[in-house]
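# Structure at a glance
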Amino acid sequence: MNVLNNKLIIYDGDCPLCRGLKDIVVRLRLVKEEKLAVYLSLPPELQRKIDAERFKNEMALIDLGNAPTIYGMEGVIAALSGRMPFLMIILKHKW
């Protein structure tokens, strides 16, 4: 199952931490580079899917259809769960 079908991980291209994490997940082949995008490179219709206040502190996992955007650790776990299915256990547990 490919969790990232129809989804993109959006990160802040000006944030050194975000860029570093992006490089790590690509280098480890956890996520294909085409599934990651810099917020400012998105067309306006995709930028509107992201809450600017939340995005200041959290990466976003957007759906190219109509599913809601997921932020922060929940989005990271959802994105990586296709390669590491055990992460779905964490995602299902509401803290």
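Provided above is the structure to which this section pertains.
Residues numbered from 1 in each chain as written. Predicted model: local features only at pLDDT ≥ 70, side-chain atom pairs only at ≥ 80, totals over all residues. Heavy atoms only, no water.

### As for the side chain of K35
Mapped onto the fold, K35 is located in the loop between α1 (16-27) and β2 (36-38). E34 provides the closest opposite charge to the buried, unpaired K35, separated from it by 7.3 Å. Discounting residues that sit within four places of it in the chain, K35 has contacts with L4, N5, N6, K7, L8 and I9. (Helix = DSSP H or I, 4+ residues; strand = E, 2+ residues; numbered from the N terminus. Buried < 20%, exposed > 50% of the residue type's maximum accessible area, 1.4 Å probe, protein only. Lys, Arg positive; Asp, Glu negative; His and termini not counted. Salt bridge = Lys/Arg side-chain N within 4 Å of Asp/Glu carboxyl O. Contact = heavy atoms within 4.5 Å.)

### Focus on empty space enclosed by the protein
Per the stated rule, a full pass over the model turns up one cavity of 30 Å³ or more. A volume near 50 Å³ is recorded for the largest cavity. When residues of the lining of the largest cavity are assigned to their parent elements, the largest contribution, four residues, is made by helix α4 (residues 72-80). Its residues placed into classes, the lining of the largest cavity shows six nonpolar, two polar and no charged. (1 Å grid on protein atoms, 1.4 Å probe; cavity = no way out; pocket = protein on both sides within 12 Å on 5 of 7 lines; lining within 4 Å. Points joined across faces, edges and corners; volume = space filled by probe spheres on them. Nonpolar A, V, L, I, M, F, W, Y, C, P; charged D, E, K, R; others polar.)

### Let's talk about α1
When the terminal C-alpha atoms of α1 are compared, their 16 Å separation across twelve residues agrees well with the 16 Å that a helix rising 1.5 Å per residue should span. Regarding α1, the residues found buried are C18, K22 and V25. The buried side chains of α1 occupy one side of the element, clustering within an arc of 70 degrees when seen end-on. Turned more than 90 degrees away from the buried face of α1, the exposed residues are P16, L17 and R27. In this structure, the buried side of α1 is in contact with β1 (7-11) and β2. Positioned one or two residues after α1, R29 has a phi angle of 60 degrees, which is positive. (Expected span 1.5 Å × (residues − 1). Arc of directions from axis to C-beta.)

### Structural notes on the pattern of salt bridges
Applying the stated criterion to the full structure yields five salt bridges. Linking K22 and D23 is a salt bridge whose minimum nitrogen-to-oxygen distance equals 3.4 Å. Here E58 makes a salt bridge to R54, at a shortest N to O gap of 3.1 Å. Accessibility expressed as a relative area gives 27% for E58, which makes it partly exposed. For R54, a relative accessible area of 38% translates into the label partly exposed. A single network of salt bridges, built from pairs that share partners, joins K22, D23 and E33.

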